[in-house]
Amino acid sequence: MQSQVEIKHIESDADLDASFPVMKELRPHLSDRAAYKEQVARQRAQGYRLLGAWRDGAIVGLAGYRLQDNLLYGRFVYVDDLVVSAALHRSGFGERLLQAARQQAAALNCRHLVLDTGLHMALAQRFYFRQGLLAKGMHFVESLIQESST
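As a convention, each chain's residues are numbered from 1 in the sequence order in which they are written. Local features in this predicted model are restricted to residues of pLDDT 70 or higher, and side-chain atom pairs are both shown and tallied only at a pLDDT of 80 or more, whereas totals for entire chains, interfaces and linings draw on every residue. Side-chain metrics in this entry use all non-hydrogen atoms of the structure; hydrogen atoms and water are not considered.

Peer 1: Before we move on, can you summarise the packing of aromatic side chains with the specific residues and values?
Peer 2: Stacked, tilted and edge-to-face are the three classes assigned to paired rings of Phe, Tyr and Trp, where Trp is represented by its six-membered ring and a pair needs centres within 6.5 Å; plane angles under 30 degrees give stacked, over 60 edge-to-face, the rest tilted. For the structure on display, the rule yields three aromatic pairs. Our definition puts a charge over a ring when NZ of Lys or CZ of Arg is within 6 Å of the ring centre and also within 35 degrees of the ring normal. Lying across the ring of tryptophan 54, lysine 8 places its NZ or CZ 4.8 Å from the centre.

Peer 1: I'd love a proper account of helix H4 (residues 122-130), names of residues and values included.
Peer 2: Only protein chains enter the calculation, and the probe is 1.4 Å; a residue is then buried if its accessible area is under 20% of its type maximum, exposed if over 50%, and partly exposed in between. Runs of H or I in DSSP of at least four residues are treated as helices and runs of E of at least two as strands, each being numbered from the N terminus. When H4 is considered as a whole, its buried residues turn out to be Ala124, Phe127 and Tyr128. Take H4 and look down its axis: the buried residues cluster within an arc of 95 degrees, on one side only. Pointing more than 90 degrees away from the buried face of H4 are the exposed residues Leu123 and Arg130. Where H4 is buried, its residues contact strand E4 (74-84), helix H3 (93-107) and strand E5 (112-115). For this quantity, the arc is that covered by the directions from the helix axis to the C-beta atoms. The contact criterion used is simple: two residues touch if any of their non-hydrogen atoms lie within 4.5 Å.

Peer 1: Can you break down the pairing of E4 residue by residue, with the values?
Peer 2: Burial within E4 is extensive, with eight of its eleven residues counted as buried. Think of it this way: DSSP has to see at least two bridges between two strands before they count as a pair. Here strand E3 (residues 58-70) runs beside E4; their pairing, made up of ten bridges, is antiparallel. In the sheet register, asparagine 70 faces E4, and the bridge partner there is glycine 74. Between E3 and E4, which follow one another and run antiparallel, lie three residues. With H3 bridging E4 and its parallel neighbour E5, the resulting β-α-β unit is right-handed. With its strands directed away from the observer, a crossover is right-handed exactly when the path from the first strand over the helix to the second travels clockwise.

Peer 1: So, the sheet that holds E5: which residues are in play, and what are the values?
Peer 2: The strand order E1-E2-E3-E4-E5 describes an open sheet built from five strands, whose pairing is mixed. Of all strands in the sheet, those with a lone pairing partner are strand E1 (5-9) and E5, marking the two edges. On average, each strand axis in the sheet is inclined to that of its neighbour by 25 degrees, with strand direction left out of account. Pairing of strand E2 (residues 49-55) with E3, which is carried by seven bridges, proceeds in the antiparallel orientation. For leucine 51, the partnering residue across the bridge sits in E3 and is alanine 63. What counts as an axis is a line fitted to C-alpha atoms, over the stretch in contact for a helix, and the angles between N-to-C directions run from 0 to 180 degrees. Relative to E3, helix H1 (residues 13-26) is tilted by about 85 degrees, and along the sheet it contacts E2, E3 and E4. Against the sheet, H3 contacts E1, E2, E3, E4 and E5, and its axis sits at roughly 160 degrees relative to E4.

The structure is reproduced here in structure tokens:
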């Protein structure tokens, strides 16, 4: 019998702490748990919410999102982060997390759900296409910080 999965917002400090290893799979540059929690706190002040997928009492997936407005989409939900533990890829948890983000967007009267993924992430792109998301543009980034040469 397959264990039940519960999807709910991460609200407590203990749950946020427990989410770090899963988020680190998506964001390997996150090396410090305390810095991660501080970053999430800053993002929460900007409207960021973090959904967790729990199985057998452990967090196995995350979807971080925020409500935004712009001239292109109007009111929309932007998904910052979507990750399922590598051992559970193809489990349906990613689909369930994305559906939960869609439900949040609908509840907030949004007309769009938007996310970015890296050009190098072909498997993620295939997943998003299967979920009904379409590639509508490219995301451009410029680093404004000079890297030290030491």
